[in-house]
Structure formats: C-alpha cells, structure tokens
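Chain by chain, the residues run as shown.
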Amino acid sequence: MSRDAFARGDFPLLARTVNGRPLVYLDNAATLPMPRLVLDELCAFRSNSYANIHRGVHTLSEESSQRYDEARRIAAEFIGGSEPELVFTSGTTDSLNKAAAMLAPRLDERSNVVITAMEHHSNILVWRSLARRTGCDLRVAPVDGAGALDTGAFRAIVNEDTKIVAFTQLSNVTGIANDCALLSGIAHERSDAVVVVDGAQGVVHLPTDVSTLGCDMYAFSGHKLGAPTGIGGLWVRGPLLETLEPASFGGGTVWEVTSDRAVLSDGVERFEAGTPPIDGAVGLASAMRYWRAHDLDACRLHERRLIDRLEAGLANIEGAQVLGRATERTGCLSFSVDVASPFDWAKLLDGLGVAVRSGHHCAQPYLEALGCAGAVRASVAPFTSKDDIDRLLEALAKASLVLKGGGVRGRARNRRGHPGRPA
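Rules used throughout
- Residues numbered from 1 in each chain as written.
- Predicted model: local features only at pLDDT ≥ 70, side-chain atom pairs only at ≥ 80, totals over all residues.
- Heavy atoms only, no water.
- Pairing = 2+ DSSP bridges.
- Helix = DSSP H or I, 4+ residues; strand = E, 2+ residues; numbered from the N terminus.
- Axes fitted to C-alpha atoms, helices over the stretch in contact; angles between N-to-C directions.
- Contact = heavy atoms within 4.5 Å.
- Buried < 20%, exposed > 50% of the residue type's maximum accessible area, 1.4 Å probe, protein only.
- Expected span 1.5 Å × (residues − 1).
- Disulfide = S-S within 2.5 Å.
- 1 Å grid on protein atoms, 1.4 Å probe; cavity = no way out; pocket = protein on both sides within 12 Å on 5 of 7 lines; lining within 4 Å.
- Points joined across faces, edges and corners; volume = space filled by probe spheres on them.
- Nonpolar A, V, L, I, M, F, W, Y, C, P; charged D, E, K, R; others polar.
- Lys, Arg positive; Asp, Glu negative; His and termini not counted.
- Salt bridge = Lys/Arg side-chain N within 4 Å of Asp/Glu carboxyl O.
- Polar contact = N/O pair within 3.5 Å; in protein donor to acceptor, adjacent residues only side chain to side chain.
- Parallel < 35°, antiparallel > 145°, perpendicular 65-115°, else oblique.
- Left-handed = near helix turned anticlockwise from the far one by under 90°.
- Phe/Tyr/Trp six-rings, centres within 6.5 Å; stacked < 30°, edge-to-face > 60°.

A. Up close: the sheet that holds strand β16 (residues 357-359). Pairing in this open sheet of four strands is antiparallel, and the strands run β13-β14-β17-β16 from one edge to the other. Edge positions in the sheet fall to β13 (320-322) and β16, since each has one partner strand and no second. Going from strand to strand, the sheet's axes swing by 30° on average, the running direction of each strand aside. Where strand β14 (residues 332-337) and strand β17 (residues 375-379) come together, four bridges link them in antiparallel fashion. Its bridge partner being in β17, F335 is matched across the sheet by V376. Along the sheet face, helix α12 (residues 342-351) touches β14, β16 and β17 and points at about 160° away from the line of β16.

As structure tokens, then:
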C-alpha cells in the first residue's frame, strides 16, 4: 500500500539538532536528505557486491553488473522512458554539458539556440559557450511581470533556423513551472530543433513522463531525490540517440579497437566512458523505489499546500516580498525582506535551527528580471510538515526583531565577497 507522505523517521538527518534546536530542513531544492533505505542499501552493496561491471566474469562483477543494469531500467521507468534511451551521468549539469557537446555538429553561424530567462546557470552557460564556439546566435525568451515565461515572445523567437531549444521544467527560484508539452510543441512546429528540458526540480515535484512532455532530451539529478551526489541521467529519444556521437571515449564504449579503427558499442553504454557511477546508480534506484512506494499525487498536493501556507504567512512579515506571482507554486519559493541581506537572514535562521538557502540561486539573469539581486529560498519535501513552515515563520519574526534592533551590523559577506551564497 502506498503512503501519501514521507515519514520523518525515514530520514536520519532530520533527527539531529542544530544550534540546540530540532532541525527544520528547508533546503531540499539544493539536496534532499537520504532515506535510511538508501543508506542501508548502499552500505550493503558496498560491503558485499562492490566490483567493476560488464567486463568481469567473477561473481562480484556479475552481481554489480546486474544491479547497475537494473538501476538503468528503474531510472528510465521513473521518468516514463525506456532503458536503451537513458544515459547515466553525474547529474543535471553533466547531462546538459553532454547534450551540448553531442548537439554541437548541428550548429553553424546561420543557426540559433533558444533558452529562457528563467534558467539555472547550468542551462545558460553550456549553450552560451556552444554559441560562442560555433558562431550561432543565442536567443533568450523573456519572462513576464509575474516571473512566468512569456510564451508569446518565446514563440516569436523560435524560427526555421532554431536548432536547439532548452528550458527548465520547474524554476528553482520561484517554484513556477513551464508547460513543457506546449513549449515543445511550439519548437517542433516552427523548427526541427532538438528540445532539451532541465528536469532537476521537475523530476522531484511534477508528474514527469517524457513520452508526454514532447521533449527530445531530459536531464535530471539523483541527489534531488535522496540518492547520492554524483549520479543523474540524460534521457534521449531513441531515434535521436541513434544519430549522436559520444562526447567522450574510453573503456566500455567500444566493442573492438585495433591500431587503426574502433567499433563503438551499439548500446547506450557507448555514451558512458570509463568506470561509471556504479554505487551511485544503485543508490538512485533505491531512492526511486522509495518514491514509488508513496502516492506521489498526494505528496505533491501536500507540498503545494505547504508553499501556500508559507506565502500566506510571509504576508504578515513586515517588508517581506515574494519573488514572482503565481496561481500555483511547486517545491519552493524565494523571498526578500528589506531589513537585511539574504545572507544575514539565512545565518540568523540557522541560529534558530532553520536551514534555508540564500543568494542568487545560480539564476542571476532570472533574479535580475525579477528586480532582485538575491533572496532567501525555502524548499519543501514530502516529509516537510506544517510545523516546519510555522517554525520558519516564527524564526523570521524573531530574526526581524534582532535585525531591527541592530543585532546584526553591516552586511555579512561570504568568501567571494557577495552578500549571499549561490545555490
């Protein structure tokens, strides 16, 4: 029987205290804590079956190979794809870099790449670099006054010369989602572009089935789901995958190598040079099984209600301003309070046992479009409770009194000299 919420007891990290207070963890958009199930399964695998894969005939290698291949099947099914279409990577950023490298031959000085102003830096920098190297035009679709993508402007800048369209499924700043099917449809209607979706947040908080999103590539990270860091995936639609050359080469990518030629593997392994993240894949499969043991629709409804509760509560905090306007937010929201910098707020909240993120959240162009240089971000998970949200709001009220009373002098700065830390 599936459960409609995550039990806090399933997550050992949530049991600890911070600065003498029970931890309220609201930085899930950065990394979700690992469920005990994942920790235990990783420990058992590393203790009993840890070996390199596919090229060994001894028992441990065969056991590891079986677990790795099983993980690919589970990960592909989790996003609605098929096993031969899923390339394991180190995470969303690595996936996007691999996508850019493999798609580079499609570009020249006559073509263009379209992204949006909502993007995480990982979905800006790779395409900016690619545009610079190939001489193509990089076009940025703007957001409207509410912080949502201006779909009319998006439609206007996609044309027959557009070869790649890349956009986020769900903003890591405002919790505003994009209609992937609509945007993919516009892109494919007006061009032969490859559509790449950054699913780092969407895979966690939205129903994700690549067969209905309309995209050609989908990137995601495991640690957003409670898997280890250093594991993720790039789903590539089968017919497209068959046309791509690997971005890197090495052991495991070939059937045969002679002094003058190489025969690449005809499977997805040709895109995974070297020893892959074997235990990361095992952890990812374990985390995805944990998620599938729950009623995910109920979990998402629970998260949206928590975000609504937080947004309503922020209306009672003097000087608080929520970034963007949305009829529905998912996963997170960001806000500023004019008394002090986001870094000051985050440090004071940490002193009260509340973990949030501060800074520009690796989305500086988006924050600039929203008229803000930095913000505090609170992000929820299915284990987050109403009490957690109320603890945050109470801590904000207490911190506000400290700040107004001069308890913090000047603006705290991080080691890079910025009044906030990137997310």
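Structure's up, so let's keep going.
B. Examining the sheet that holds strand β6 (residues 137-141) more closely. Strand order in the open sheet formed by seven strands is β4-β10-β9-β8-β7-β5-β6, and the pairing between neighbours is mixed. What marks the edges here is a single partner per strand, and that holds for β4 (86-89) and β6. In this sheet, adjacent strand axes meet at a mean angle of 20° when their direction is disregarded.

C. The arrangement of the environment of P33 in detail. If you trace the backbone, P33 turns up in the loop between β3 (24-25) and α1 (36-48). For P33, a relative accessible area of 6% corresponds to the buried category. When the C-alpha atoms of P33 and L13 are compared, they prove to be 6.6 Å apart, with 20 residues separating the residues in sequence. With near-sequence residues (within four places) excluded, P33 lies in contact with F11, L13, L14, Y25, N28, G226 and F383.

D. Expanded view of helix α3 (residues 92-103). Its twelve residues give α3 an end-to-end C-alpha distance of 16 Å, which sits within 8% of 16 Å, the value for a rise of 1.5 Å per residue. Of all the residues in α3, the buried ones are T92, S95, L96, K98, A99, A100, M102 and L103. Looking at the buried residues of α3, the elements they touch are β4, α4 (122-134), β7 (162-168), β8 (194-198), β9 (217-221) and β10 (232-236).

E. Local environment of the state of the cysteines. Throughout the structure, instances matching the rule amount to zero disulfides. For C332, which is in no disulfide, the shortest distance to another cysteine sulfur is to C362 and amounts to 13 Å. Left without a disulfide partner, C372 is nearest to the cysteine sulfur of C332, which lies 14 Å away. The class for C372 is buried, based on a relative accessible area of 15%.

F. Molecular detail of empty space enclosed by the protein. Considering all chains together, one arrives at two cavities of 30 Å³ or more under this definition. A volume near 50 Å³ is recorded for the largest cavity. For the lining of the largest cavity, the per-class residue count stands at six nonpolar, one polar and one charged. Looking at the second largest cavity, its volume works out to about 40 Å³. If you trace the second largest cavity, you find it lined by N28, A29, L32, A200, Q201, V204, H205, K224 and V380.

G. Quick look at the side chain of E85. When you line up the elements, E85 lands in the loop between α2 (59-78) and β4. With no salt bridge to any partner, buried E85 finds its closest opposite charge in R237, at an N-O distance of 6.1 Å. Among the polar contacts listed, one links the side chain of E85 to the backbone nitrogen of G238, at a separation of 2.9 Å. Setting aside residues no more than four positions away along its own chain, E85 makes contact with L234, W235, V236, R237, G238 and L241.

H. Structural detail: the packing of α3 against α4. Contact geometry for α3 and α4: axes closest at 9 Å, N-to-C directions at 20°. In this view, α3 runs roughly parallel relative to α4, as classed from their interaxial angle. Crossing hand, α3 versus α4: right-handed. Mapping the contact onto sequence places T93, L96, N97, A99, A100 and L103 in α3 and S122, N123, V126, W127 and L130 in α4. Here the contact of α3 with α4 is built from residues that sort into seven nonpolar, four polar and no charged.

I. The environment of S286, seen in detail. Position of S286 among the secondary structure elements: in helix α10 (residues 278-292). We classify S286 as buried; its relative accessible area is 0%. As a C-alpha pair, S286 and T134 span 152 residues in sequence and 40 Å in three-dimensional space.

J. The arrangement of the packing of aromatic side chains in detail. Taken as a whole and judged by the stated rule, the model has nine aromatic pairs. Both rings, one in F45 and one in Y50, keep their centres 6.3 Å apart while their planes meet at 85°; by these two values the pair is edge-to-face. Judged by its relative accessible area of 2%, F45 is buried. Residue Y50 is classed as exposed on the basis of its relative accessible area of 51%. A ring pair is formed by Y218 and F220, whose centres lie 6.4 Å apart and whose planes are at 40°; its orientation type is tilted. By the ring-pair criterion, three or more aromatic residues cluster together here, those being F6, F11, Y290, W291 and F383.

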